[in-house]
Amino acid sequence: QNPSSSSIRVVTYNVLAQHLLNEHKHLYRGTPQYMLEWEFRFNNLQQEILAIKPNILCLQEVQASHLTTHWVPFLKTCGLELSSYMCRGPSAEGVPRTDGCAMFFDCTKIIKLFSQNISLFEQNNPALDRKNVAVTACFQYMQPTPTSNSSSSNNNKETMPITFICTTTHLL
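Before going into details, it helps to say that this report is about the structure given with it. (Residues numbered from 1 in each chain as written. Predicted model: local features only at pLDDT ≥ 70, side-chain atom pairs only at ≥ 80, totals over all residues. Heavy atoms only, no water.)

Here the focus is the packing of helix 3 (residues 38–52) against helix 4 (residues 64–77). At a minimum axis separation of 11 Å, helix 3 and helix 4 run at an interaxial angle of 25 degrees. On the basis of their axis angle, the class for helix 3 and helix 4 is roughly parallel. Where helix 3 crosses over helix 4, the handedness of that crossing is right-handed. Across the interface between the two elements, Trp 38, Glu 39, Phe 42, Leu 45, Gln 46, Ile 49 and Leu 50 from helix 3 touch His 66, His 70, Trp 71, Phe 74 and Leu 75 from helix 4. (Axes fitted to C-alpha atoms, helices over the stretch in contact; angles between N-to-C directions. Helix = DSSP H or I, 4+ residues; strand = E, 2+ residues; numbered from the N terminus. Parallel < 35°, antiparallel > 145°, perpendicular 65-115°, else oblique. Left-handed = near helix turned anticlockwise from the far one by under 90°. Contact = heavy atoms within 4.5 Å.)

Below is the structure:
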């Protein structure tokens, strides 16, 4: 399917940080080992992203080390730029967490007006006592609109700015 030139395609994935998979291997019993390896999973994610062609890509459980070694270089080749990234912060034991949320956008069609990282942690609040985070951004998209002259060619288009907000989070 080819998305319409006037539509925005938003895609979200929980990519399962490799260190989290390794910490919780019991959850993946019965899965062949090669399917649990990062490079195998990343190659499959790349194929999905290339096929879907998102304008906005929201990722959860992005391992910080993979952000610079895998995600940013690959997504740059797709015309997607990093809008924002935020790690979840230290665990209750004080151990630094190395995964978080990331948002990328198609810098050829969309302008980032601003972005904000949000900590959803609130000590002594049972509903918010986990190191959850969100990333949010305000974007502007110049939506092509046909010109008012009905005899004009389809190549003559005006644009209308569409401003919108996109947010992604990973809640435990």
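A word on a nonpolar patch on the surface. A cluster of nonpolar residues, Tyr 34, Met 35 and Phe 40, forms a patch on the protein surface that exposes about 270 Å² of accessible area. When its relative accessible area of 33% is taken as the criterion, Met 35 is described as partly exposed. (Patch = residues over 30% accessible without salt bridge, like charges linked within 9 Å, V, L, I, M, F, W, Y side chains within 5 Å. Areas by Shrake-Rupley, 256 points an atom, 1.4 Å probe, with all protein chains shown as cover. Salt bridge = Lys/Arg side-chain N within 4 Å of Asp/Glu carboxyl O. Buried < 20%, exposed > 50% of the residue type's maximum accessible area, 1.4 Å probe, protein only.)

Positive phi, close to 50 degrees, is recorded for Leu 16, a residue that is not glycine. Position of Leu 16 relative to the elements: it lies in the loop between strand 1 (10–14) and helix 1 (18–23). Its identity as a non-glycine residue notwithstanding, Lys 53 has a phi of 55 degrees, on the positive side. Within the secondary structure layout, Lys 53 lies in the loop between helix 3 and strand 2 (56–63). Using a relative accessible area of 53% as the deciding quantity, one classes Lys 53 as exposed.

We now examine the side chain of Glu 61. Following the sequence through the fold, Glu 61 ends up in strand 2. At a separation of 3.3 Å, a polar atom in the side chain of Glu 61 contacts the side chain of Asn 14. Excluding residues within four positions of it along the chain, Glu 61 makes contact with Asn 14, Val 15, Leu 16, Ala 17, Leu 20, Asp 99, Gly 100 and His 170. (Polar contact = N/O pair within 3.5 Å; in protein donor to acceptor, adjacent residues only side chain to side chain.)

Let us now look at the side chain of Gln 18. For Gln 18, the position within the fold is in helix 1. The exposure class assigned to Gln 18 is buried, which follows from its relative accessible area of 11%.

Looking now at the packing of aromatic side chains. Taken as a whole and judged by the stated rule, the model has seven aromatic pairs. Pairing Tyr 34 with Phe 40 gives two aromatic rings, centres 5.1 Å apart and planes at 80 degrees, and the pair type is edge-to-face. Overall, the relative accessible area of 31% leaves Phe 40 in the partly exposed class. Taken together through their ring pairs, the aromatic side chains of Trp 38, Phe 42, Trp 71 and Phe 74 make up a single cluster. Looking at Lys 131, its charged tip hangs above the ring of Phe 121, at a distance of 4.1 Å from the centre. (Phe/Tyr/Trp six-rings, centres within 6.5 Å; stacked < 30°, edge-to-face > 60°. Lys NZ or Arg CZ within 6 Å of the ring centre and 35° of its normal.)

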